[in-house]
Amino acid sequence: MTQHRKIIHIDMDAFFASVEQRDNPELRGHAVIVGGQPDSRGVVAACSYEARQFGIHSAMPCSRAYRLCPNAIFLKPRFEAYRSVSIELHKIFSEFTALIEPLSLDEAYLDVTECSQHNGSATLIAREIKQAIKDRLNLVASAGVSYNKFLAKIASDMDKPDGLYVIRPEQAATFIRSLPIRKFFGVGKVTEGKMHRHNIFTGADLGRYDEVKLCQLFGKSGNYYYQIARGIDNRPVRTDRKRKSIGKENTFSEDLTDINTINDHFDRLAEQVANIMLKRGITARTITIKIKYHDFSQITRSITPPQLVINGASLQAALPGLIKKTELGNRPCRLLGVSVSNFVDPPKKRFGQALLFEE
Ligand SMILES: [Mg+2]
């Protein structure tokens, strides 16, 4: 029998907002929102737990956050500060293992299978990492422990903030059976809706479908859903991952022809991409839209504007010109996507590159 791996997923709690509250005591106990300004089209990149009590969450437009809590303190992100914390986090992780896969400035997978500390107990290692983060950085992290990345990531989210949640191999089947389908990594709103229409609400429901049927319904993701419904995820913790582009796309349950609806969808996608850029401190040069028409033929249109792509406004400004170069509005489409690429190296290149990755 092969030995199970030991994977830890570390995720800082309300990261940007917590760093702000740590560095400025006057912000403690207050609703703090990091991201755009209340009167801008920007989105919330992170918010403190005090802000969450008002129903504010990340990716929400700042104007809406302001309406929910006019007393909230809106701050511009300080990426240099977040990057330096990220470097310190990485140092702590590397005291336990060299197998570290950063997902963003505040999130990483660690493979501690070969780690000898604490007699190889991943749970005790995770506890020590959390303690080191508290003692040395004065910040709070949540940890998930399991035997693969899929379960470790779900686990870190189970007990936030300051959580330490373990899913042992023998508990996995029961855990997955009761898991709502939207908690499965990779299941967005559209897929969730589609699964609900096929009476798939939990891991147990998903597990009743065979692989062929799942592939018929969900294309190549079908294999993935089949595997994770059985607790199988063999993806290794990769130390060398580096993304060359980031993007968001939506598949629609009904083909779209109305150009206003299409514009609205593009605006929303642009905001989501801008939010990821903000979170990861990314500046890009090139914007690309992707369209799949109703007959599955696919096109992309790109532009590299003279000005750098820094936020949602720069993305949205480029959209009309790109849309004009397509048949949208005349020809029904089933998928729209927005992405940015050609990243500008952050000033602290040596560290930045190692830390700005994708999920
Ligand atoms: Mg986090």
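Once that is clear, we can look at the overall build of the protein. Scanning the protein from terminus to terminus reveals 14 helices and 12 strands. The C-alpha atoms of the protein give a radius of gyration of 21 Å, which matches the 21 Å a tight globule of 359 residues would have. Seen through its principal axes, the protein has C-alpha atoms that stretch 65 × 55 × 40 Å. Counting over 359 residues, the protein shows a buried share of 38%. Partitioning the intrachain contacts of the protein with sequence separation of at least 6 by distance along the chain shows that 62% fall at a separation of at least 24.

Here the focus is the pairing of strand β7 (residues 141-146). Within a regular beta strand, the side chains point alternately toward one face of the sheet and then the other, so they alternate between its two faces. Within β7, six of the six residues are buried, which leaves the element mostly enclosed by the surrounding structure. Covered by surrounding structure in β7 are A141, A143 and V145 together with S142, G144 and S146, the residues of both alternating faces. The sheet contact formed by strand β1 (residues 7-12) and β7 spans six bridges and is antiparallel. Note on β7: the bridge partner recorded for H9 is G144. Once the chain exits β7 it traverses helix α6 (residues 149-156) before rejoining the sheet at strand β8 (residues 164-166), and the crossover so formed is left-handed.

Secondary-structure assignment places F252 in strand β9 (residues 245-256). Separated by 75 residues in the primary sequence, F252 and E327 have C-alpha atoms spaced 17 Å apart.

As a further point, take the packing of helix α10 (residues 211-218) against helix α11 (residues 221-229). Between α10 and α11, whose axes approach to 7 Å, the crossing angle comes to 135°. In this view, α10 runs oblique relative to α11, as classed from their interaxial angle. For the pair α10 and α11, the sense of crossing is right-handed. Contacts between α10 and α11 involve E211, L214, C215, L217 and F218 on the former and, on the latter, S221, G222, N223, Y225 and Y226. Here the residues of the contact of α10 with α11 are counted per class, giving six nonpolar, three polar and one charged.

Taking burial as the measure, the five residues of strand β5 (residues 100-104) include four buried ones, the bulk of the element. Hairpin connection between β5 and strand β6 (residues 107-111): a loop of two residues separates the two successive antiparallel strands.

Pairing in this open sheet of five strands is mixed, and the strands run β5-β6-β1-β7-β8 from one edge to the other. Of all strands in the sheet, those with a lone pairing partner are β5 and β8, marking the two edges. When the angles between neighbouring strand axes are averaged without regard to direction, this sheet yields 15°. On top of the sheet, helix α5 (residues 122-137) reaches β1, β7 and β8; it is set at about 170° to β7, its chief contact.

Segmenting the protein into domains produces domain 1 (1-167), domain 2 (173-229) and domain 3 (245-355). Between domain 1 and domain 3, the C-alpha centre-to-centre distance is 27 Å. Across the contact, 14 residues belong to domain 1 and 15 residues belong to domain 3. Residue assignment for the side of domain 1 that touches domain 3 shows that the elements contributing at least two residues are α4 (79-94) and β5.

Look at α4 against α5: their axes get within 10 Å of each other, and the N-to-C directions meet at 140°. The angle between α4 and α5 places the two elements in the oblique class. For α4 against α5, the interelement crossing comes out right-handed. Residue-level contacts link V85, E88, L89, I92 and F93 of α4 to I129, A132, I133, R136 and L137 of α5. Here the residues of the contact of α4 with α5 sort into eight nonpolar, no polar and two charged.

The three strands are arranged β3-β2-β4 in an open sheet whose pairing can be described as mixed. Since the sheet does not close on itself, it has two edges, and those belong to β3 (44-47) and β4 (73-75), each with one partner. Strand-to-strand, the axes of this sheet are offset by a mean angle of 30°, without reference to chain direction. Two strands pair when backbone bridges link them, and strand β2 (residues 32-35) and β4 are joined in this way by three bridges, in the parallel orientation. Across the sheet, the residue bridging to V32 is I73, located in β4. The sheet contacts of helix α1 (residues 15-23) involve β2, β3 and β4, and relative to β2 the element is tilted by about 120°.

Rules used throughout
- Residues numbered from 1 in each chain as written.
- Predicted model: local features only at pLDDT ≥ 70, side-chain atom pairs only at ≥ 80, totals over all residues.
- Helix = DSSP H or I, 4+ residues; strand = E, 2+ residues; numbered from the N terminus.
- Rg over C-alpha atoms; globule rule 2.2 N^0.38 Å.
- Buried ≥ 20, exposed ≤ 12 C-beta atoms within 10 Å, placed from the backbone.
- Contact = placed C-beta atoms within 7 Å.
- Pairing = 2+ DSSP bridges.
- Right-handed = clockwise from strand over helix to strand, strands pointing away.
- Axes fitted to C-alpha atoms, helices over the stretch in contact; angles between N-to-C directions.
- Parallel < 35°, antiparallel > 145°, perpendicular 65-115°, else oblique.
- Left-handed = near helix turned anticlockwise from the far one by under 90°.
- Nonpolar A, V, L, I, M, F, W, Y, C, P; charged D, E, K, R; others polar.
- Domains from an automatic or database assignment.

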